[in-house]
Amino acid sequence: MGVVIIDGSTVRDFVNDEARFKKSVDETFSKLDLNNDGVLSRSELRKAFETLRLIETHFGVDVATQPEELTNLYDSIFDKFDCDRSGTVDLEEYRSELKMILLAIADGLGSSPIQMALEDDDQGFIKQAADLEASKLAQQPSSAGP
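Computed from a predicted model, the values in this text were never measured in an experiment. For every chain, the first residue of its written sequence is number 1, and the numbers climb from 1 along that sequence. A pLDDT threshold of at least 70 governs which residues receive local features in this predicted model, and a stricter bar of 80 or more applies before side-chain atom pairs are shown or counted, although totals over entire chains, interfaces and linings include all residues. Calculated side-chain values reflect all of the structure's heavy atoms, with hydrogen atoms and water omitted.

How do you make sense of the overall build of the chain when you look at a structure like this?
Numbered from the N terminus, helices here are DSSP runs of H or I no shorter than four residues, and strands are runs of E no shorter than two. For the chain, the helix and strand inventory stands at six helices and six strands. Seen in sequence order, the chain has helices and strands lined up from the N terminus as β-α-α-β-α-β-β-α-β-α-β-α. Accessibility here uses a 1.4 Å probe with only protein chains present; expressed as a share of the type maximum, an area under 20% marks a residue as buried, one over 50% as exposed, and anything in between as partly exposed. Residues classed as buried in the chain amount to 29% of the 146 residues present. Contacts: residue pairs with any heavy atoms within 4.5 Å of one another. Residue pairs at least 24 apart in sequence account for 66% of intrachain contacts in the chain once pairs closer than 6 positions are excluded. Within the structure as shown, the chain displays about 9300 Å² of accessible surface, and the carbon and sulfur contribution to it stands at 54%. Note on areas: Shrake-Rupley, 1.4 Å probe, and residue coverage restricted to the protein chains presented here.

Written as C-alpha cells, this is what we have:
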C-alpha cells in the first residue's frame, strides 16, 4: 500500500491533460466493455461501480445493505451516465460523466493537501492524477544552491 498527497489541483491537472485523460478513460472503458460492442450495458457499468462499494462500508466497516437499495443506487448511476437515454453508455457519455465526477472531486478536495492510501496495484484515476503530479515534480530543476 502506498500513500499519496493530493489536492484539487492534482485531480484538475489530470483531467485538463486531455491526451492523458482521454487515454486513461478509453482504456478503462475498453476493460469494462466485456462483450466489445462499443457501449456499456447496465450490468457492465454496475460491475465497475460495485468494486467501489459506494454504500457498503461505513468508515471501513462493512454494513448490511438491502439488495433493492443497491439496485436503486446503481440504476441511478447508470441513468446519469446514459445521457441520450439509449439504454447503453457510449464512450463519449462515459468520458463526459467521468470528467464531471473527477472535477467535482477536485472541487471537494479544494487546495488543502490530503494523504490518501492506495493499493500498490491501483491504476484508478486518482492514482494516475497523483502519478502525473509526481512526474511533473521530478522534471523540475532542483532549487538547491551550490
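From this point on, the discussion continues.
Sorry if this is basic, but what is going on with helix H2 (residues 18-32) here?
In an α-helix, one turn spans 3.6 residues; hence positions three or four apart end up facing the same way. For H2, which comprises 15 residues, the first-to-last C-alpha distance of 21 Å matches the rise-based estimate of 21 Å (1.5 Å per residue) to within 8%. Every buried residue belonging to H2 is among Phe-21, Ser-24, Val-25, Phe-29 and Leu-32, and all of these are buried. In an axial view of H2, the angular spread of the buried residues amounts to 130 degrees, which keeps them on one side of the axis. Away from its buried face, by an angle of more than 90 degrees, H2 presents the exposed residues Ala-19, Lys-23 and Lys-31. Expected helix span is taken as 1.5 Å per residue step, with the number of steps being one fewer than the number of residues. Working note: the arc is built from the helix axis to C-beta atom directions.

What is the right way to look at the pattern of salt bridges in this model?
A side chain with one charge may pair with a side chain of the opposite charge, provided their charged atoms come close. Salt bridges are counted wherever a side-chain nitrogen of Lys or Arg sits within 4 Å of a carboxyl oxygen of Asp or Glu. In total, this model carries nine salt bridges according to the counting rule given. The salt bridge involving Arg-42 is made with Asp-79; its shortest N-O contact spans 3.6 Å. Placement of Arg-42 in helix H3 (residues 42-50) and of Asp-79 in helix H4 (residues 67-81) is noted, with a sequence separation of 37 residues between them. Overall, the relative accessible area of 36% leaves Arg-42 in the partly exposed class.

Would you mind going over the nonpolar core with me for this structure?
Nonpolar side chains tend toward joint burial in soluble globular proteins. Counting residues in each nonpolar core, the largest one holds 30 residues, and the members touching the most others are Phe-14, Leu-40, Leu-45, Phe-81, Val-89, Tyr-94 and Leu-102. Of all elements in the fold, only strand S1 (2-6), helix H1 (8-16), H2, H3, H4, helix H5 (91-109) and helix H6 (125-139) reach the threshold of two or more residues within this core. Discounting residues that sit within four places of it in the chain, Phe-81 has contacts with Leu-45, Phe-49, Val-89, Glu-93, Tyr-94, Glu-97, Leu-98 and Ile-101. For the purposes of this section, nonpolar cores are sets of buried Ala, Val, Leu, Ile, Met, Phe, Trp, Tyr and Cys residues that join through side-chain atoms within 4.5 Å.

Looking at this structure, I do not really get the environment of Gly-2. What am I missing?
With respect to the secondary-structure elements, Gly-2 resides in strand S1. Distance from Gly-2 to Ala-117, taken between C-alpha atoms, is 5.6 Å for residues 115 residues apart in sequence.

I would appreciate a short explanation of the UniProt feature "domain: EF-hand" (unreviewed entry) in the chain in the present structure.
The sites that UniProt annotates as "domain: EF-hand" (unreviewed entry) are residues 20-55 and 69-104. Here residues 69-104 is 75% helix and 6% strand, with 24 Å between the C-alpha atoms at its ends. UniProt positions are given in the numbering used here, feature names are shortened, and annotations may be inferred rather than shown by experiment.

Mind showing me how you'd approach the packing of H2 against H6 here?
Between N-to-C directions, angles span 0 to 180 degrees; the directions come from axes that are lines fitted to C-alpha atoms, helices contributing only their stretch in contact. Here H2 crosses H6 at 150 degrees, and the two axes come no closer than 11 Å. Comparing the axis directions of H2 and H6 gives the class roughly antiparallel. In this structure, the crossing between H2 and H6 has a hand that is right-handed. Together, Arg-20, Ser-24, Val-25 and Thr-28 of H2 and Phe-125, Gln-128 and Leu-132 of H6 make up the contact between the two elements. Three classes are used, and their members are as follows: Ala, Val, Leu, Ile, Met, Phe, Trp, Tyr, Cys and Pro are nonpolar, Asp, Glu, Lys and Arg are charged, and the others, Gly among them, are polar. Its residues assigned to classes, the contact of H2 with H6 shows three nonpolar, three polar and one charged. By definition in this entry, angles of less than 35 degrees are roughly parallel, angles greater than 145 are roughly antiparallel, angles of 65 to 115 are roughly perpendicular, and the rest are oblique. Note on convention: the crossing is left-handed when the near helix lies turned anticlockwise from the far helix by less than a right angle, right-handed when the turn is clockwise.

What is the right way to look at the packing of H1 against H6 in this model?
When two helices pack together, their arrangement is given by the angle between the helix axes and the distance between those axes. Close contact between H1 and H6 brings their axes to 8 Å; oriented N to C, the two are set at 95 degrees. Relative to H6, the element H1 is oriented roughly perpendicular. Mapping the contact onto sequence places Thr-10, Val-11, Asp-13 and Phe-14 in H1 and Phe-125, Ile-126, Gln-128, Ala-129, Ala-130, Leu-132, Glu-133 and Lys-136 in H6. Taken together, the residues of the contact of H1 with H6 sort by class into seven nonpolar, two polar and three charged.

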